[in-house]
Amino acid sequence: VQLVESGGGLVQPGGSLRLSCAASGFTFSRYPMSWYRQAPGKEREKVAAITSAGGTTNYADSVKGRFTISRDNAKNTVYLQMNSLKPEDTGLYYCYAYVTRYDYWGQGTQVTVSS
């Protein structure tokens, strides 16, 4: 299993970014996917999740209405569209999958929101 995130960067408050996570090594369309983030000095927190077919999503209260998780099962990719970004959204964003009783994480992509 391999998860590779991309799309992070430096953005001003109020700006937008779209993160991508390319998955391989498992039957992507059969598994729910999640995005987590970790800010400096803080614990990793779950940001958003999506079911295998994409019909159901859920979000942390802190990002509801601003972030959207989606997936393209034909491309084995999950996305996180982040709008109205705030400085407190700064952190390392990880893609996560639980496959055959194991936890899998990507290497993370850094998001920095600063003026």
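Cut-off values and rules
- Residues numbered from 1 in each chain as written.
- Predicted model: local features only at pLDDT ≥ 70, side-chain atom pairs only at ≥ 80, totals over all residues.
- Heavy atoms only, no water.
- Pairing = 2+ DSSP bridges.
- Helix = DSSP H or I, 4+ residues; strand = E, 2+ residues; numbered from the N terminus.
- Axes fitted to C-alpha atoms, helices over the stretch in contact; angles between N-to-C directions.
- Polar contact = N/O pair within 3.5 Å; in protein donor to acceptor, adjacent residues only side chain to side chain.
- Contact = heavy atoms within 4.5 Å.
- Core = buried A, V, L, I, M, F, W, Y, C linked by side-chain atoms within 4.5 Å.
- Buried < 20%, exposed > 50% of the residue type's maximum accessible area, 1.4 Å probe, protein only.
- Phe/Tyr/Trp six-rings, centres within 6.5 Å; stacked < 30°, edge-to-face > 60°.
- Lys NZ or Arg CZ within 6 Å of the ring centre and 35° of its normal.
- Disulfide = S-S within 2.5 Å.

For the rest of this paragraph, the subject is the sheet that holds strand 7 (residues 67-72). Reading across the sheet, the four strands line up as 1-3-8-7 and stay open at both edges, with antiparallel pairing between neighbours. At either margin of the open sheet sits one strand with a lone partner, and together these are strand 1 (2-6) and strand 7. Neighbouring strand axes in the sheet, compared pairwise and without regard to direction, differ in orientation by 15° on average. Bridge count for strand 7 against strand 8 (residues 77-82) is six bridges, and the pairing is antiparallel. Following the sheet pairing, R71 is matched in strand 8 by V78.

What follows concerns the side chain of R66. By the element assignment, R66 lies in the loop between strand 6 (57-59) and strand 7. Of note is the side chain of R66, whose polar atom sits 3.0 Å from the backbone oxygen of S84. Discounting chain neighbours no more than four positions away, the residues touching R66 are Q81, M82, N83, S84, L85, K86 and D89.

In terms of nonpolar packing, the biggest core is built from 27 residues, with M33, W35, V78, L80, M82 and Y93 touching the most fellow members. At the level of elements, strand 3 (17-24), strand 4 (33-38), strand 5 (45-50), strand 7, strand 8, strand 9 (91-99) and strand 11 (109-113) are the ones that each hand at least two residues to this core.

Take the packing of aromatic side chains next. A full pass over the atoms with the stated rule returns six aromatic pairs. For the pair Y36 and Y96, a centre-to-centre distance of 5.5 Å together with 70° between the ring planes defines the contact as edge-to-face. A residue pair is termed long-range when its members are at least 10 positions apart, and Y36 in strand 4 and Y96 in strand 9 qualify at 60 residues. Using a relative accessible area of 17% as the deciding quantity, one classes Y36 as buried. For Y96, a relative accessible area of 13% corresponds to the buried category. An aromatic cluster is defined as three or more aromatic residues linked by ring pairs; in this entry it consists of Y36, Y94, Y96 and W105. Above the ring of Y79, the side-chain terminus of R18 is found at 4.0 Å from the ring centroid. If you follow R44 out to its NZ or CZ, it ends over the ring of W105, 4.4 Å from the centre.

Another aspect to go through is the state of the cysteines. Simply put, the disulfide is a covalent bond whose two ends are the sulfur atoms of two cysteines. Within this structure, the stated rule accounts for one disulfide. Bridging C21 to C95, the disulfide has an S-S length of 2.1 Å. Its S-S torsion of about -85° marks the bond between C21 and C95 as left-handed, since a negative value means left-handed. In this pair, C21 sits in strand 3 while C95 sits in strand 9, placing the two residues 74 residues apart along the sequence. By relative accessible area, C21 is classed as buried at 0%.

The subject of this paragraph is the pairing of strand 7. Only one face of strand 7 is covered, namely the face carrying F67, I69 and R71; the face carrying T68, S70 and D72 is uncovered. Hairpin geometry of strand 7 and strand 8 is characterised by an intervening segment of four residues between the two adjacent antiparallel strands and by a positive phi of about 55° at N76.

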